[in-house]
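# Topology and contacts: notes
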Amino acid sequence: MSPLDTLRSPLAFLQDRLSAIPHVDLLAAEQEWWKIEGVAISDTIDHAATPWVRMFDRTGRRVDEILYPREYQTMLRKGYRSGVVWRAFEEKSLLPTFLLMYVISFYDPGICCPYTVSLGTALPLAKHGSTELQARFLPQLLRKGDSVWQGATWMTEIGGGSDLGAGVKTIAWPAGDRWLLTGDKYFASNAAAELAVVAARPEGAPAGVRGLALFLVPRYREDGTLNRFIRRLKDKIATRSVPTGEIELRDSEAYLLGQADAGIYLILEVLNLSRVANSVVSVALAQRAMADALSYAECRTAFGKRILDHPLLRRQFDERLRSLRSAFALAWESVRLLDQVWMERPPYSERYHLFRLVAHLAKYWTAEFAVDTAKWAMEVHGGLGTLAEYGAERWLREAMILAIWEGTSHRQILDGLEVMERKQAHKTLFAQLAEVAPAAESREMESEVERLLSLPPDQKEAEAEAVFKRLAVLSADCLSRKYP
Ligand SMILES: Cc1cc2nc3c(=O)[nH]c(=O)nc-3n(C[C@H](O)[C@H](O)[C@H](O)COP(=O)(O)OP(=O)(O)OC[C@H]3O[C@@H](n4cnc5c(N)ncnc54)[C@H](O)[C@@H]3O)c2cc1C
């Protein structure tokens, strides 16, 4: 069997990379379901059956209902039933969630968005919600059947997602045992979710990110009427099954999570969870693009033999497989670290800061790798790669979303710089890598990072990308020696 054969199945790749995998039977069943049923549903929705909004019912009452093809619900509910959210809490571990996400996103990267944001709602509620709030809402998010509630995480507004401190204009007013929120969310995925966590500024709170707080916003008010409105859905290049909308909050009932003045920590906890999911999905997508390229290269002939057997292309496959393994190792390290720190609250431990650095490196590098691999896989298909019927073009569209949402690459680099500068997280990283990194290379990298951190602010930002990239690649390559 050629090492390239592991590309054909997400579970085979996971088994090749990890020494112990919980729930192998569950993952095998998930993979089988996708091969037999899920792929056809996912392809159809991507090409011809995106969700749409029905604003009013037949009596003229505002309902803001999102309509999907029935098969979408089958595909979506499958992952919830398998435990992509509830298992994390029942088993007190995030590993089953991310293993499931790896298998699922090999077939449909977009469907992991609803799962991620549902987990990103359940987690702050479980960690920071009052006992009463948890009793009222958490069980619905953790249901094992089809009546499970979904979550959503809405921060971005029209003014921009990178600079949340300036971009969030939504205001929260206290109103007895709850708050009332007014504002507009401009990129709101999973728009029909029963619950959302929303960033808003309590009236009178300071400007900037320090004045933001995190609120839980149900879809319906306590009197049963709509609590938030969907202005329209976005027409996107990818993740086309996910309803991403513009949401209007108008005196919407909301419940504060944690302390108002610690809101930015809660927001970042939610974002960092999504960044880890994004990394896992990016690697699975890259594997999928390579698997499709491999199948094609085995059948297409040129100059008298299969294109796979031409030395130049064969070398590319072998090298990219090595890079895929490294990208996986970096993503999995972010999963492993998150699994250790996900219940921490501020003030965080040194391990938490290490997690943050690895999550920024992983989000940045795996998404860049996914885009590059999807482009390459399309090229392996030649002109046919540009045709929708071959599938390769979809992976490029999907990969572009992964590089942008949950913070673009610029954001990851700058946030990575911040955690190195303020928390010295790179020192912990180098100490962790010591057992697998060549000493000279590691020393050289560390002094490069220190030199960068000592530069004046503008020069530091301007020169950050090359150093961050080298740090990501070095970490990924070294970590790949740890797995399996
Ligand atoms: C399909 C999709 C679904 C989404 N779903 C959600 C959702 O459910 N919830 C949610 O909250 N958001 C969501 N988003 C929004 C997403 O998080 C933002 O698009 C992202 O954070 C970037 O923000 P922006 O688009 O406003 O770009 P901007 O913040 O306007 O940035 C524009 C460009 O400037 C760059 N830039 C900004 N600051 C700097 C700097 N200091 N240095 C260098 N470059 C900089 C950015 O990296 C980017 O390249 C979604 C986005 C997409 C595409």
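Heads up: these notes are all about the structure in this document. Nothing here was measured: the structure is a model prediction, and the numbers come from that model.

It is worth spelling out the overall build of the chain at this point. Check the secondary structure of the chain and you find 16 helices and eleven strands. Its C-alpha atoms give the chain a radius of gyration of 22 Å, within 12% of the compact-globule value 23 Å for 484 residues. Viewed in the frame of its principal axes, the chain has a C-alpha envelope of about 75 × 55 × 40 Å. Here the chain, with 484 residues, has 58% of them falling under the buried criterion. Within the chain, residue pairs in contact and separated by at least 24 positions form 75% of the contacts whose partners lie at least 6 positions apart. Approximately 19700 Å² of the chain is accessible, and the part contributed by carbon and sulfur atoms is 54%.

Below, the discussion takes up the pairing of strand 4 (residues 171-175). Where strand 4 and strand 5 (residues 178-189) come together, five bridges link them in antiparallel fashion. Paired with Trp173 across the bridge in strand 5 is Leu180. If you look at the hairpin formed by strand 4 and strand 5, you'll find two residues sitting between the two strands, and Gly176 has a positive phi there, around 70°. With two bridges connecting them, strand 4 and strand 6 (residues 195-202) associate as parallel partners. Within the sheet, the bridge partner assigned to Ile171 lies in strand 6 and is Arg201.

To continue, consider the packing of helix 9 (residues 263-299) against helix 12 (residues 392-404). Packing of helix 9 against helix 12 brings their axes to within 10 Å, and their N-to-C directions diverge by 160°. The orientation of helix 9 relative to helix 12 falls into the category roughly antiparallel. With respect to the hand of their crossing, helix 9 and helix 12 are arranged in left-handed fashion. Across from Asn278, Val281, Ser282, Leu285, Arg288, Ala289 and Asp292 in helix 9, the residues of helix 12 making contact are Trp395, Glu398, Ala399 and Leu402. When the residues that make up the contact of helix 9 with helix 12 are grouped by side-chain class, the tally is six nonpolar, two polar and three charged.

Moving on, we come to the site of the ligand. For the ligand, the set of nearby residues contains 20 residues, the closest of which are Thr156, Gly161, Ser162, Thr408 and His410. One of the side-chain N or O atoms of Thr156 is found 2.7 Å from a nitrogen atom in the ligand. Coverage of the ligand by the protein amounts to 67% of the 970 Å² it exposes when considered alone. Per-element accounting of the shell around the ligand gives the leading share, three residues, to strand 5. Along the lines of polarity and charge, the residues of the shell around the ligand split into eight nonpolar, ten polar and two charged.

A word on helix 13 (residues 409-423). For helix 13, spanning 15 residues, the distance from its first C-alpha to its last is 21 Å, which sits close to the expected 21 Å at 1.5 Å a residue. Residues of helix 13 that are buried: Ser409, Gln412, Ile413, Asp415, Gly416, Leu417, Val419 and Met420. On its buried face, helix 13 sits against helix 9, helix 11 (350-380), helix 12, helix 14 (425-433), helix 15 (439-453) and helix 16 (457-480). At the C-terminal side of helix 13, Gln424 shows a positive phi close to 55°.

Within the secondary structure layout, His128 lies in helix 6 (residues 112-128). The residues contacting His128, other than those within four sequence positions of it, are Leu257, Gly258, Leu266, Glu269 and Arg345.

On to the pairing of strand 2 (residues 62-67), then. Pairing between strand 1 (residues 52-56) and strand 2: four bridges, direction antiparallel. When the sheet's bridge partners are listed, Trp52 is paired in strand 2 with Leu67. Count of turn residues in the strand 1/strand 2 antiparallel hairpin: five residues, of which Gly60 carries a positive phi of about 85°.

Residues Ile237, Met400 and Ile404 make up a contiguous nonpolar surface patch of about 270 Å² in total accessible area. The class for Met400 is partly exposed, based on a relative accessible area of 33%.

Moving on: the environment of Leu471. Position of Leu471 relative to the elements: it lies in helix 16. The spatial distance from the C-alpha of Leu471 to the C-alpha of Leu67 is 45 Å, given a sequence separation of 404 residues. Non-local contacts of Leu471, meaning those with residues more than four positions away in its chain, are made with Leu361, Met420, Leu429, Phe430, Met445 and Val449.

On inspection of all chains with the given rule, the structure shows 21 aromatic pairs. Every member of this aromatic cluster is reached through a ring pair, and the members are Phe13, Tyr102, Phe328 and Trp332. The aromatic ring of Tyr186 is capped on one face by Lys234, whose charged end is 3.4 Å from the ring centroid.

A word on the pattern of salt bridges. Under the counting rule described, the total for this entry stands at 48 salt bridges. Two residues, Glu65 and Arg54, come together in a salt bridge whose shortest N-O distance is 2.8 Å. Of the two residues, Glu65 is situated in strand 2 and Arg54 in strand 1; the sequence distance between them amounts to eleven residues. By relative accessible area, Glu65 is classed as partly exposed at 30%. Arg54 sits in the partly exposed class, given a relative accessible area of 38%. As a salt-bridge pair, Lys144 and Glu90 come within 2.8 Å of each other at their nearest N and O atoms. In this pair, Lys144 is assigned in the loop between helix 7 (131-141) and strand 3 (153-154) and Glu90 in helix 4 (residues 86-90), connecting sequence segments 54 residues apart. According to the relative accessible area criterion, Lys144 is partly exposed, its value standing at 42%. Taken together, the shared-partner salt bridges in this structure form one network comprising Asp43, Asp46, Asp108, Glu393, Arg394, Arg397 and Glu398.

About the cut-offs
Residues numbered from 1 in each chain as written. Predicted model: local features only at pLDDT ≥ 70, side-chain atom pairs only at ≥ 80, totals over all residues. Heavy atoms only, no water. Helix = DSSP H or I, 4+ residues; strand = E, 2+ residues; numbered from the N terminus. Rg over C-alpha atoms; globule rule 2.2 N^0.38 Å. Buried < 20%, exposed > 50% of the residue type's maximum accessible area, 1.4 Å probe, protein only. Contact = heavy atoms within 4.5 Å. Areas by Shrake-Rupley, 256 points an atom, 1.4 Å probe, with all protein chains shown as cover. Pairing = 2+ DSSP bridges. Axes fitted to C-alpha atoms, helices over the stretch in contact; angles between N-to-C directions. Parallel < 35°, antiparallel > 145°, perpendicular 65-115°, else oblique. Left-handed = near helix turned anticlockwise from the far one by under 90°. Nonpolar A, V, L, I, M, F, W, Y, C, P; charged D, E, K, R; others polar. Near = heavy atom within 4 Å. Polar contact = N/O pair within 3.5 Å; in protein donor to acceptor, adjacent residues only side chain to side chain. Expected span 1.5 Å × (residues − 1). Patch = residues over 30% accessible without salt bridge, like charges linked within 9 Å, V, L, I, M, F, W, Y side chains within 5 Å. Salt bridge = Lys/Arg side-chain N within 4 Å of Asp/Glu carboxyl O. Phe/Tyr/Trp six-rings, centres within 6.5 Å; stacked < 30°, edge-to-face > 60°. Lys NZ or Arg CZ within 6 Å of the ring centre and 35° of its normal.

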